[in-house]
Amino acid sequence: NAGVTQTPKFRVLKTGQSMTLLCAQDMNHEYMYWYRQDPGMGLRLIHYSVGEGTTAKGEVPDGYNVSRLKKQNFLLGLESAAPSQTSVYFCASRRTPTGTQYFGPGTRLLVL
Amino acid sequence: SQQGEEDPQALSIQEGENATMNCSYKTSINNLQWYRQNSGRGLVHLILIRSNEREKHSGRLRVTLDTSKKSSSLLITASRAADTASYFCATDAEETALIFGKGTTLSVSS
């Protein structure tokens, strides 16, 4: 099993550009999450999904959209990137609502 | 907002010493988890302790939970250089997603 994978690993964007981050898991997990990690801030929840076709806002959702069309994939979109969105983005998944979360390796995003 | 707060923010010790990190949280929880993050990597789950448990062990790790004080501690015994990493506590308060603290950065020198 690959676990949780993220694509791409690193990306540079110009302000105003758009992009989509892909998260895929092969563990048949219902619950999937997107976090961002900034220096000194720990991990902050952007959006999450409790099952295929569902999404919900987390702590810092502004400027991001998500979709969960397939159970194994959770997409994070930036419609118009801003320098404040420079961060490391982590995807995670878990089987139950209170169990262990499994993390992907992260995507480093730099917005110029 | 962050639920957990780790203390200290940074900890430097010698190999063979014990490392203790603390976590305080604000609201009632279902369970509390500890994760490790090596530099530039994703988070790896270490241990989960449920709200009705007081202590749990896993190898060189010992976790305690005091729900009356809303606090937890992670003890790593006989630290090794490979334990150098950031350690995060995370809580499940609303059964939606784990809420993470800002982490403790542990440096173990040989």
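Note: the structure precedes this text.
For the structure given in this document, a descriptive report is provided here. (Residues numbered from 1 in each chain as written. Chains lettered and ligands numbered in written order. Predicted model: local features only at pLDDT ≥ 70, side-chain atom pairs only at ≥ 80, totals over all residues. Heavy atoms only, no water.)

### Considerations on the interface of chain B and chain A
For the record, the criterion: In this analysis, two residues are considered to be in contact whenever any of their non-hydrogen atoms come within 4.5 Å of each other. Buried area: the accessible area, evaluated with a 1.4 Å probe, that two parts lose upon being put together, summed over both parts. Salt bridge, as used here, is a side-chain nitrogen of Lys or Arg placed within 4 Å of a carboxyl oxygen of Asp or Glu.
Residue-level contacts link 22 residues of chain B with 22 residues of chain A. Counting the surface lost from both chain B and chain A, the interface buries some 1700 Å², and carbon and sulfur atoms represent 53% of this. Remark: the boundary between chain B and chain A carries one salt bridge. Salt-bridge contacts for B:D92 lead to A:R94; the nearest nitrogen and oxygen are separated by 2.9 Å.

### Topic: the pattern of salt bridges
Note the threshold: Whether a residue is buried, partly exposed or exposed follows from its accessible area with a 1.4 Å probe, protein chains only, as a fraction of its type maximum: under 20%, in between, or over 50%, in that order. Numbering of helices and strands runs from the N terminus, with a helix taken as a DSSP run of H or I at least four residues long and a strand as a DSSP run of E at least two residues long.
This model, assessed by the stated rule, comprises six salt bridges over all chains. Residue B:R62 is joined to B:E55 by a salt bridge in which the shortest nitrogen-to-oxygen separation is 3.1 Å. We classify B:E55 as partly exposed; its relative accessible area is 39%. Linking B:R60 and B:D83 is a salt bridge whose minimum nitrogen-to-oxygen distance equals 2.9 Å. Placement of the pair is B:R60 in the loop between β6 (55–58) and β7 (61–66) and B:D83 in the loop between β8 (71–76) and β9 (85–92), with a sequence separation of 23 residues. Of the residues examined, B:D83 reaches a relative accessible area of 7% and is grouped as buried. If you follow the salt bridges from partner to partner, you end up with A:R36, A:D38 and A:R44 in one network.

### Details of the sheet that holds strand β3 (residues 19–25) of chain A
All names here are of chain A. For the record, the criterion: At least two bridges found by DSSP between two strands are what make those strands a pair. Each axis is a line fitted through C-alpha atoms, taken for helices only over the stretch in contact, and angles between the N-to-C directions span 0 to 180 degrees.
Strand order in the open sheet formed by four strands is β1-β3-β8-β7, and the pairing between neighbours is antiparallel. Among the strands making up the open sheet, the edge pair consists of β1 (4–7) and β7 (65–67). Each strand axis lies, on average, 20° off the axis of its neighbour in the sheet, ignoring direction. Bridge analysis of β7 against strand β8 (residues 73–78) gives three bridges, and the strand direction is antiparallel. Residue pairing in the sheet places S67 in a bridge with L75 of β8.

### Describing the environment of B:G16
All names here are of chain B. Relative to the helices and strands, G16 resides in the loop between β2 (10–14) and β3 (19–24). Between the C-alpha atom of G16 and that of S79, which follows or precedes it by 63 residues, the distance is 4.9 Å. Look past the residues within four positions of G16 in its chain and what remains in contact with it is A78 and S79.

### Digging into the state of the cysteines
All names here are of chain B. Note the threshold: Two cysteine sulfurs form a disulfide in these notes if their separation is within 2.5 Å.
Following the criterion strictly, the structure yields two disulfides over all chains and no others. What pairs with C23 in a disulfide is C89, and their sulfur atoms sit 2.0 Å apart. Where C23 bonds to C89 through sulfur, the torsion about that S-S bond is close to 65°, and the disulfide is right-handed. Of this pair, C23 sits in strand β3 while C89 sits in strand β9; the two residues are 66 residues apart in sequence, bridging distant segments of the chain. Here C23 and C89 have matching classes, each one buried.

### Points about the nonpolar core
Put simply, the rule is: The set of buried Ala, Val, Leu, Ile, Met, Phe, Trp, Tyr and Cys residues whose side-chain atoms join them within 4.5 Å is what this entry labels a nonpolar core.
Core analysis: the biggest nonpolar cluster contains 22 residues, and B:L32, B:W34, B:L74, B:I76, B:Y87 and B:L106 have the highest contact counts within it. Where this core is concerned, the elements lending two or more residues are β2, β3, β4 (31–37), β5 (43–50), β7, β8, β9 and β11 (104–109) of chain B. Residues in contact with B:I76, not counting those within four places in the same chain, are B:E17, B:N18, B:A19, B:M21, B:R60, B:L61, B:D83, B:Y87 and B:L106. Counting residues in each nonpolar core, the second largest holds 18 residues, with A:M19, A:M32, A:Y64 and A:V111 among its members.

### Some thoughts on the sheet that holds β8(B)
Residue and element names in this part refer to chain B. Strand order across the open sheet formed by five strands is β1-β3-β8-β7-β6, with antiparallel pairing between neighbours. At either end of the open sheet lies a strand with only one pairing partner, and these are β1 (5–7) and β6. Between one strand and the next, the sheet's axes are offset by a mean angle of 20°, whatever the strand orientation.

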